[in-house]
Amino acid sequence: MATGWSCRMTHTKLLAAELMSVTVHPSSPPCFSLPRRTPSVISRAEILGIVVSLESKPNFLKFLVDDGTGCVPCILWLNPLVPSSDDDPTPELVRCQARTVRLGEQLRVRGRITVYRGELQITVRDVLVEKDPNMETFHRLDCVRIAKRSYHLDKDAFR
């Protein structure tokens, strides 16, 4: 596992293709490293894209966010009986956020990167509807700019 610089407690802006290619490191809680970035350890992510799939159950809302580079599975738990930390959303806020998740909606999603049945997903902390269609492009440019400035990239990182 990479040591040194890490983003464990911040939401790292990522593209779906980057997020879905992270390396999982067994730890408690699990942490993840980004390919071709040295060193970098993350546990939370921020993505932006269009909701292309939606599955509603009594205890959770599962949806896919597509940013043009891939699709990221996201899960929003609807019954957080006891928040795990002070910054977790209240049940009222979770219900409000669940109402904003609709097919075709452009969303900014932030949360913890988790693994369920061997598949990566984002356990949602917050959801924001982006009304400006340019925000997806800005997010993509931000991801590239931040990666170039903040990480030690190899020469082929964006090819």
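Reading guide: rules and limits
- Residues numbered from 1 in each chain as written.
- Predicted model: local features only at pLDDT ≥ 70, side-chain atom pairs only at ≥ 80, totals over all residues.
- Heavy atoms only, no water.
- Helix = DSSP H or I, 4+ residues; strand = E, 2+ residues; numbered from the N terminus.
- Buried < 20%, exposed > 50% of the residue type's maximum accessible area, 1.4 Å probe, protein only.
- Polar contact = N/O pair within 3.5 Å; in protein donor to acceptor, adjacent residues only side chain to side chain.
- Contact = heavy atoms within 4.5 Å.
- Salt bridge = Lys/Arg side-chain N within 4 Å of Asp/Glu carboxyl O.
- Pairing = 2+ DSSP bridges.
- Arc of directions from axis to C-beta.

Bringing the side chain of Glu-130 into the picture now. Structurally, the position occupied by Glu-130 is in the loop between strand S9 (119–129) and helix H3 (135–150). Its relative accessible area of 13% is what places Glu-130 among the buried residues. Among the polar contacts made by the side chain of Glu-130, one reaches the side chain of Arg-108 at a distance of 2.8 Å. Contacts of Glu-130, omitting those with residues within four sequence positions, involve Leu-48, Gln-106, Arg-108 and Met-135.

For the coordinates displayed, the defined rule picks out eight salt bridges. For the salt bridge of Arg-102 with Glu-105, the shortest nitrogen-to-oxygen distance reads 3.0 Å. Between Arg-108 and Glu-130 there is a salt bridge whose closest N-O contact spans 2.8 Å. Placement of Arg-108 in strand S8 (residues 106–116) and of Glu-130 in the loop between S9 and H3 is noted, with a sequence separation of 22 residues between them. One salt-bridge network, held together by shared partners, links Lys-13, Asp-142 and Arg-145.

Of the strand pairs in this sheet, strand S3 (residues 31–33) and strand S5 (residues 41–56) are connected by two bridges, and their pairing is antiparallel. Looking at S5, one finds that Phe-32 is bridged to Ile-42. As defined by bridge partners, S5 adjoins S8 across seven bridges and the pair is classed as antiparallel. Across the sheet, residue Arg-44 finds its bridge partner in S8, namely Arg-112. Across six bridges, the pairing between S5 and strand S6 (residues 60–66) is antiparallel. By the bridge assignment for S6, Leu-54 is matched with Phe-63.

Within helix H2 (residues 91–100), the full set of buried residues consists of Val-94, Gln-97 and Ala-98. On an axial view of H2, the arc spanned by its buried residues comes to 105°, and they lie on one face. Residues of H2 that are buried in the fold lie against S6, strand S7 (71–77) and S9.

The two faces of the sheet receive side chains in turn, since in a regular strand these alternate between them. The antiparallel pairing of S5 with S6 creates a hairpin that spans three residues between the two strands. Where S6 and S7 come together, seven bridges link them in antiparallel fashion. Looking at S7, one finds that Phe-60 is bridged to Trp-77. Between the antiparallel neighbours S6 and S7 lie four residues, among them Gly-68 with a positive phi of about 95°.

Function cannot be read off these values alone, since they describe shape.
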